[in-house]
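# Understanding the architecture of this molecule
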Number of protein chains: 2
Amino acid sequence: MAANRIHNFNAGPAALPLSVLEEIQESFLNFKGSGMSITEISHRSKWFDDVINDAVTRTKRLLNLGKNFHVLFIQGGASLQFCMIPMNLLPDDRSADYVDTGTWSSKAIKEAQIQGKSVKVVASSADKNYTYIPKDIQFCDDAAYVHITSNNTIKGTQWAKFPVTNGIPLFADMSSDIMSRPFDPAPFGLIYAGAQKNIGPAGVCMVIIRDDMLRRIPENLPTMLNYTTYVSENSLYNTPPCFAIYTVQLVLKWLEDTIGGLEKMEALNQEKAGLLYEFLDSSEFYRTTAEPESRSLMNITFRLPDEDLEKRFVAKALKNELGGLKGHSSVGGCRASIYNATTLAAVKALIDFMMNFESKFD
Amino acid sequence: MAANRIHNFNAGPAALPLSVLEEIQESFLNFKGSGMSITEISHRSKWFDDVINDAVTRTKRLLNLGKNFHVLFIQGGASLQFCMIPMNLLPDDRSADYVDTGTWSSKAIKEAQIQGKSVKVVASSADKNYTYIPKDIQFCDDAAYVHITSNNTIKGTQWAKFPVTNGIPLFADMSSDIMSRPFDPAPFGLIYAGAQKNIGPAGVCMVIIRDDMLRRIPENLPTMLNYTTYVSENSLYNTPPCFAIYTVQLVLKWLEDTIGGLEKMEALNQEKAGLLYEFLDSSEFYRTTAEPESRSLMNITFRLPDEDLEKRFVAKALKNELGGLKGHSSVGGCRASIYNATTLAAVKALIDFMMNFESKFD
């Protein structure tokens with residue numbers, strides 16, 4: 001069944017665990033003996049209740065969330081969250097602190113400003129082309145929240161440790177590193193993650209919101225843009241993206257039952273990224289772009305001596321069944337995205353190829 | 001492969017053509033020779049461009065849309081459209097006419113009112129529990145648009161002919177009957193349809209917008225809530241719900257290549273609904289709930305002599321591999337949803353079962 005699959009280094013949508021894909025495929029015409037596809041069952045059925053409830057329970061267990069957190073599934077991706085967050089949680093008479101570490105942070109800031117909300121950019125790494133994560137940030141004591149992007153897919157940077165906000169609720173776009181490592185959820189007021197990198201296919205965004213945040217939500221928001229709607233209806237106010245949620249559930253099951261939880265996932269991610277950075281650091285031919293302290297374990301960005309070589313590298317890699325290595329169009333270069341589902345074997349195959357490619361041009 | 005499938009009369013998510021499901025299943029680990037699943041390929045790839053462009057082209061061809069229409073794919077279902085429509089297309093100094101034919105119309109009205117927009121309910125069938133479609137409606141000459149719900153899944157009513165609005169742009173929620181019959185698109189300023197009934201799985205809403213409507217859109221809307229974003233980026237501003245759009249593309253291909261277009265689809269839908277209504281009208285045991293002139297070809301609602309019998313009917317039907325016959329929780333009773341993908345054979349099997357069930361209790 002798995003014949004002719006390539007090693008997939010896409011930045012998102014990205015590789016999914018093969019066992020998850022195989023389970024979906026096998027049951028696709030008849031889900032759990034229902035006589036229907038997962039795409040054909042009612043979202044009001046016992047079958048789907050089991051799916052969404054299991055996804056919520058596993059998320060709480062994997063992230064060690066207290067009872068004061070709600071796990072929601074919302075459509076529109078992280079991009080819709082950029083606007084829903086200030087709409088729901090930034091009152092007109094307050095201001096929020098944002099840290100700008102690149103494209104996605106910048107978009108989050110812009111969507112707050114479009115709504116006329118007050119936003120302070122308290123730190124930015126724009127001065128060095130977003131190649132690092134700012135340190136020693138002074139937050140405003142009265143900030144409604146602090147917003148960060150935990151991992152930056154385009155520039156290949158990642159917060160190794162989350163900033164200490166002294167009681168100000170921390171909000172994080174974790175689209176590209178959620179479930180890649182354990183962390184203490186207590187300081188977080190809100191976490192959100194488009195599923196299509198580490199936990200599922202495109203078409204659903206996981207939103208984790210702390211109970212006390214709900215009190216800030218103003219009256220008279222459109223129903224579908226109000227977090228309370230999703231909290232009160234277990235994300236089932238209207239028809240949810242059933243297939244995407246189902247796939248997320250299977251990925252979470254794989255994380256718990258096959259991988260063994262987030263400590264083990266992190267160790268594996270450290271090993272994969274460690275091998276690749278070690279190789280890159282030892283090479284004169286390839287060079288990394290992010291500052292060492294700020295390097296991402298998920299998206300490893302690198303350059304070759306010139307753009308022509310980069311094009312040849314990406315094309316030749318694909319011929320060798322290594323896909324998705326082109327850098328983001330806004331920055332060029334190369335990028336290997338090695339999310340949870342990318343195997344150690346894939347990383348080793350990539351390094352072998354890179355050594356071989358280098359040996360012919362160096 | 002198709003063993004143990006049931007006849008699926010779900011109201012939505014609903015039955016999909018078996019050949020579509022089989023194609024998804026077969027290619028699920030390796031889409032078009034990419035070596036990746038459709039859920040793992042980049043939305044910026046040639047593969048996905050082909051998918052979305054084909055879905056747009058087929059929609060334009062099937063609905064006979066002129067060049068002045070844009071076909072968009074937006075997340076959040078019809079429920080998000082209830083709020084996006086007035087936000088984008090109802091200027092603060094104007095009013096819109098809404099026809100209230102039940103739950104979904106009522107929600108559309110409510111979401112306009114939540115935003116403080118001016119809405120006139122120019123006609124309603126609330127007086128008879130939404131069992132009919134109003135006729136001879138007087139629209140306001142200066143209405144920004146006229147909004148209708150073309151088919152009402154809960155009450156089993158449908159506009160047999162669309163109202164004449166004399167140049168006022170007609171807006172329609174066609175979630176439950178899009179692509180079930182041909183119609184003249186010229187009077188329409190906007191058409192929207194959650195995919196999960198007639199054209200695909202849950203998780204994507206098709207929005208068709210006429211070019212002149214775009215001029216109404218105010219500045220400074222959040223990017224993800226602005227129709228212009230989807231028009232300028234071919235629905236690819238952010239990561240779209242790739243799997244849902246792919247499934248829609250396959251359903252549209254089935255409609256064109258296997259069914260032969262909307263005239264043929266309508267004839268088949270007429271035949272299916274005709275058989276079922278004919279049987280219901282001939283029975284003293286079952287009775288329909290919608291007024292004959294307003295009956296839906298998609299959702300056939302009916303009652304049995306009492307609620308206990310209805311429960312036994314639904315349960316026994318499922319044992320006979322006929323699923324999804326329970327009426328909507330807000331109204332009770334029974335409902336057979338017979339969208340495009342429900343086969344004539346399924347309808348005949350249902351009638352056979354109903355005759356048999358009646359004979360034991362009559």
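Residues numbered from 1 in each chain as written. Chains lettered and ligands numbered in written order. Predicted model: local features only at pLDDT ≥ 70, side-chain atom pairs only at ≥ 80, totals over all residues. Heavy atoms only, no water.

### As for the overall build of chain A
Scanning chain A for helices and strands turns up 9 helices and 14 strands. For 362 residues, the compact-globule estimate of 2.2 N^0.38 gives 21 Å, and chain A sits close to it at 21 Å. Dimensions of chain A, computed from C-alpha atoms along their principal axes, come out at roughly 65 × 55 × 30 Å. Counting over 362 residues, chain A shows a buried share of 64%. When contacts within chain A are restricted to residue pairs at least 6 apart in sequence, those whose partners lie at least 24 apart make up 68%. Only carbon and sulfur atoms are counted for the fraction: they give 48% of the accessible area of chain A, which is about 13700 Å². Looking at chain A, you have 36 positive and 41 negative side-chain charges, and the mean spots of the two groups are 2 Å apart. (Helix = DSSP H or I, 4+ residues; strand = E, 2+ residues; numbered from the N terminus. Rg over C-alpha atoms; globule rule 2.2 N^0.38 Å. Buried < 20%, exposed > 50% of the residue type's maximum accessible area, 1.4 Å probe, protein only. Contact = heavy atoms within 4.5 Å. Areas by Shrake-Rupley, 256 points an atom, 1.4 Å probe, with all protein chains shown as cover. Lys, Arg positive; Asp, Glu negative; His and termini not counted. Charge placed at Lys NZ, Arg CZ, Asp CG, Glu CD.)

### So, the sheet that holds strand β11 (residues 287–288) of chain B
All names here are of chain B. With antiparallel pairing, 3 strands are arranged side by side in an open sheet as β11-β12-β14. Looking at which strands have only one partner, the edges of the open sheet turn out to be β11 and β14 (334–337). Relative to β14, strand β12 (residues 299–303) runs antiparallel, the two sharing 4 bridges. Residue pairing in the sheet places Ile 300 in a bridge with Ala 336 of β14. (Pairing = 2+ DSSP bridges.)

### Considerations on the relation of the copies chain B and chain A
Turning one copy of the chain about an axis and sliding it along that axis gives the other copy, so a rotation and a shift relate them. For the pair chain B and chain A, the superposition axis carries a translation of 0.0 Å, the fit reaches an RMSD of 0.0 Å, and the rotation angle comes to 180°. Taken together, the turn and the small shift mark the pair as related by a two-fold rotation axis. A shared binding surface is used by both copies, with 100% of the interface residues of chain B retained as interface residues in chain A. (Least-squares fit on C-alpha atoms with pLDDT ≥ 70 in both.)

### Points about the interface of chain B and chain A
Listed per partner, the contact involves 61 residues of chain B and 61 residues of chain A. When the area that chain B buries against chain A is broken down by residue, the three leading residues are Gln 25, Leu 29 and Glu 40 of chain B, summing to 15%. At the junction of chain B and chain A, the tally comes to 2 salt bridges. The partner of Arg 5 of chain A in a salt bridge is Glu 40 of chain B, with the nearest N and O atoms 2.7 Å apart. For the pair chain B and chain A, the number of links is 24 residue pairs in polar contact (both at pLDDT 80 or more). Going through the elements one at a time, α1 (18–26), α3 (77–89), α4 (103–114) and α6 (242–259) of chain B are the ones with two or more residues in the side of chain B that touches chain A. Top contributing element to the side of chain B that touches chain A by residue count: α1 of chain B, with 6 residues. (Buried area = accessible area lost by both parts, 1.4 Å probe. Salt bridge = Lys/Arg side-chain N within 4 Å of Asp/Glu carboxyl O. Polar contact = N/O pair within 3.5 Å; in protein donor to acceptor, adjacent residues only side chain to side chain.)

### Here's the deal with the domain arrangement of chain A
Residue and element names in this part refer to chain A. The assigned domain composition of chain A is domain 1 (7–19 + 261–361) and domain 2 (21–259). Distance from the C-alpha centre of domain 1 to the C-alpha centre of domain 2: 26 Å. Each partner contributes to the interface: domain 1 provides 36 residues, whereas domain 2 provides 36 residues. The junction of domain 1 with domain 2 conceals about 2900 Å² of combined surface from both sides, 57% of it contributed by carbon and sulfur atoms. (Domains from an automatic or database assignment.)

### A few points about the environment of Thr 103 of chain A
Secondary-structure assignment places Thr 103 of chain A in helix α4 (residues 103–114). Considered as a pair, Thr 103 of chain A and Lys 155 of chain A are 52 residues apart in the sequence and their alpha carbons are 8.8 Å apart.

### Describing the packing of α3 of chain B against α4 of chain B
All names here are of chain B. In contact at an axis separation of 8 Å, α3 and α4 are set at 45° when each is read in the N-to-C sense. When the interaxial angle is binned, α3 and α4 end up oblique. Seen from above, α3 lies across α4 with right-handed handedness. Contacts between α3 and α4 pair Phe 82, Cys 83 and Pro 86 from the former with Trp 104, Lys 107, Ala 108, Glu 111 and Ala 112 from the latter. Partitioned by chemical class, the residues of the contact of α3 with α4 number 6 nonpolar, no polar and 2 charged. (Axes fitted to C-alpha atoms, helices over the stretch in contact; angles between N-to-C directions. Parallel < 35°, antiparallel > 145°, perpendicular 65-115°, else oblique. Left-handed = near helix turned anticlockwise from the far one by under 90°. Nonpolar A, V, L, I, M, F, W, Y, C, P; charged D, E, K, R; others polar.)

### Looking at the environment of Asp 352 of chain A
Among the structural elements, Asp 352 of chain A can be located in helix α9 (residues 344–361). Distance in space between the C-alpha atoms of Asp 352 of chain A and Phe 279 of chain A is 9.9 Å, their sequence separation being 73 residues.

### Here's the deal with the pattern of salt bridges
Two side chains that carry opposite charge are able to pair once their charged atoms sit near each other. All names here are of chain A. Evaluated as defined, the whole model comprises 28 salt bridges over all chains. Among the salt bridges present, the one from Lys 128 reaches Glu 291, with a minimum N-O distance of 3.9 Å. A residue pair is termed long-range when its members are at least 10 positions apart, and Lys 128 in the loop between β4 (118–124) and β5 (146–149) and Glu 291 in the loop between β11 (287–288) and β12 (299–303) qualify at 163 residues. What you see here is one network of salt bridges that share partners, running through Asp 54, Arg 58, Arg 61, Glu 256 and Asp 257.

### Overview of the pairing of strand β10 (residues 205–210) of chain A
All names here are of chain A. Among the 6 residues in β10, 6 count as buried, and that is most of the element. Note that strand β2 (residues 69–74) and β10 share 6 bridges and pair antiparallel. Opposite Ile 74, over in β10, you have Cys 205 as the bridge partner.

### Some thoughts on the environment of Gly 327 of chain A
In this structure, Gly 327 of chain A sits in the loop between β13 (322–323) and β14 (334–337). Along the chain, Gly 327 of chain A and Gln 270 of chain A lie 57 residues apart, while their C-alpha atoms are 21 Å from each other.

### Here's the deal with the packing of helix α8 (residues 307–319) of chain A against α9 of chain A
Residue and element names in this part refer to chain A. α9 packs onto α8 with a crossing angle of 135° between their chain directions and a minimal axis gap of 11 Å. Comparing the axis directions of α8 and α9 gives the class oblique. For α8 against α9, the interelement crossing comes out right-handed. Touching Leu 309, Arg 312, Phe 313, Lys 316 and Ala 317 of α8 are Phe 353, Met 354, Phe 357, Lys 360 and Phe 361, all from α9. Per-class residue counts for the contact of α8 with α9 are 7 nonpolar, no polar and 3 charged.

### Remarks on the sheet that holds β5 of chain A
Residues and elements named next belong to chain A. Taken together, the 7 strands give an open sheet; going across it, the order is β2-β10-β9-β8-β5-β3-β4, and neighbouring strands pair in mixed fashion. Unpaired on one side and paired on the other, β2 and β4 mark the two borders of the sheet. Shown here is a sheet whose adjacent strand axes are inclined to one another by a mean of 20°, direction ignored. Both strand β3 (residues 95–100) and β5 contribute to a ladder of 2 bridges, which runs parallel. Paired with Asp 97 across the bridge in β5 is Val 146. The strands that α4 touches are β3, β4, β5, β8 (170–173) and β9 (188–194); relative to β3, the one it contacts most, it runs at about 155°.

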